[in-house]
Amino acid sequence: MIDRFGDYPQEVTYLFKISAIKLLARQERVESIIEDPQQCSILLAEEVSQRIDGMKLFEMISKMGRELSVGTAGQKIKINIKTKKLPPIKYLEVIEEILTRLWTVKKDVDHS
């Protein structure tokens, strides 16, 4: 893109990041990603939630920072990111990292 069109504005970076997140979310069967002024929530589909190793998920999330927490919404796992003090590009990167690493906490996946 840069070779062809030159430097692009920050909004284009956001667009690329959001596109990558949408692809990862579809691949990992994320039911929804909801953003409000205080936080962003990632809700996993119930089938995926049942295949998550809770201990591994908590370990992964705890290593990623204090802005993250894990809970449930019924039978679904919900990952919350406190976004109030984070710039948009930072929490988009956090969302992408969570989705990229999600396969490592599934029970029925060979992690080698």
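Above this note sits the structure.
Below or above, wherever it landed, is the structure these notes cover. These figures come from a predicted structure and were not determined experimentally. (Residues numbered from 1 in each chain as written. Predicted model: local features only at pLDDT ≥ 70, side-chain atom pairs only at ≥ 80, totals over all residues. Heavy atoms only, no water.)

## Structural notes on the sheet that holds strand E3 (residues 68–73)
Strand order in this open sheet of 4 strands is E1-E2-E4-E3, and the pairing throughout is antiparallel. Both outer strands of the open sheet, strand E1 (30–35) and E3, are each paired with one neighbouring strand and no more. Averaged over neighbouring strand pairs, the angle between their axes works out to 20° when direction is ignored. Here helix H4 (residues 54–64) sits on the sheet in contact with E3 and strand E4 (76–82), set at roughly 145° to E3. Strand contacts of helix H5 (residues 88–101): E1, strand E2 (39–44), E3 and E4, with the helix running at about 150° to E4, the strand carrying the most contacts. (Pairing = 2+ DSSP bridges. Helix = DSSP H or I, 4+ residues; strand = E, 2+ residues; numbered from the N terminus. Axes fitted to C-alpha atoms, helices over the stretch in contact; angles between N-to-C directions. Contact = heavy atoms within 4.5 Å.)

## Focus on the environment of Gly54
As for its position among the elements, Gly54 is in helix H4. On the accessibility criterion, Gly54 (33% relative accessible area) is partly exposed. Note: C-alpha distance between Gly54 and Val105 (51 residues apart in sequence) is 7.7 Å. (Buried < 20%, exposed > 50% of the residue type's maximum accessible area, 1.4 Å probe, protein only.)

## Examining the nonpolar core
Membership of the largest hydrophobic core comes to 27 residues, with the highest contact counts inside it found for Ile42, Ile81 and Ile98. Looking at this core, the element that brings in the most residues is H5, giving 6 residues. Once residues lying within four places of it in the same chain are set aside, the contact partners of Ile81 are Gln38, Gln39, Cys40, Ile42, Glu67, Leu68, Leu86, Tyr91, Val94, Ile95 and Ile98. (Core = buried A, V, L, I, M, F, W, Y, C linked by side-chain atoms within 4.5 Å.)

## Side note on the pattern of salt bridges
All told, the structure shown has 6 salt bridges when counted by the stated rule. One salt bridge connects Glu47 with Arg29, and the closest N-O pair in it is separated by 2.2 Å. On the criterion of sequence distance, the pair formed by Glu47 in helix H3 (residues 46–50) and Arg29 in the loop between helix H2 (10–27) and E1 is long-range, its members being 18 residues apart. Among the ionic pairs, Glu59 bridges to Lys63, the shortest N-O distance being 3.3 Å. In this pair, Glu59 and Lys63 are both assigned in helix H4, 4 residues apart and thus about one turn of the helix distant. Look at Glu59 and you get partly exposed, because its relative accessible area is 46%. Overall, Lys63 belongs to the exposed group, its relative accessible area being 62%. (Salt bridge = Lys/Arg side-chain N within 4 Å of Asp/Glu carboxyl O.)

## Some remarks on the layout of surface pockets
Roughly 180 Å³ of internal volume is contained in the largest pocket. Looking at the largest pocket, the residues that line it are Ile18, Ile21, Lys22, Ile33, Ile34, Glu35, Cys40, Pro88, Tyr91, Leu92 and Ile95. At the level of secondary structure, the elements contributing two or more residues to the lining of the largest pocket comprise H2, E1 and H5. Among the elements that make up the lining of the largest pocket, the one with the highest residue count is H5 (4 residues). Tallied by class, residues from the lining of the largest pocket come to 9 nonpolar, no polar and 2 charged. (1 Å grid on protein atoms, 1.4 Å probe; cavity = no way out; pocket = protein on both sides within 12 Å on 5 of 7 lines; lining within 4 Å. Points joined across faces, edges and corners; volume = space filled by probe spheres on them. Nonpolar A, V, L, I, M, F, W, Y, C, P; charged D, E, K, R; others polar.)

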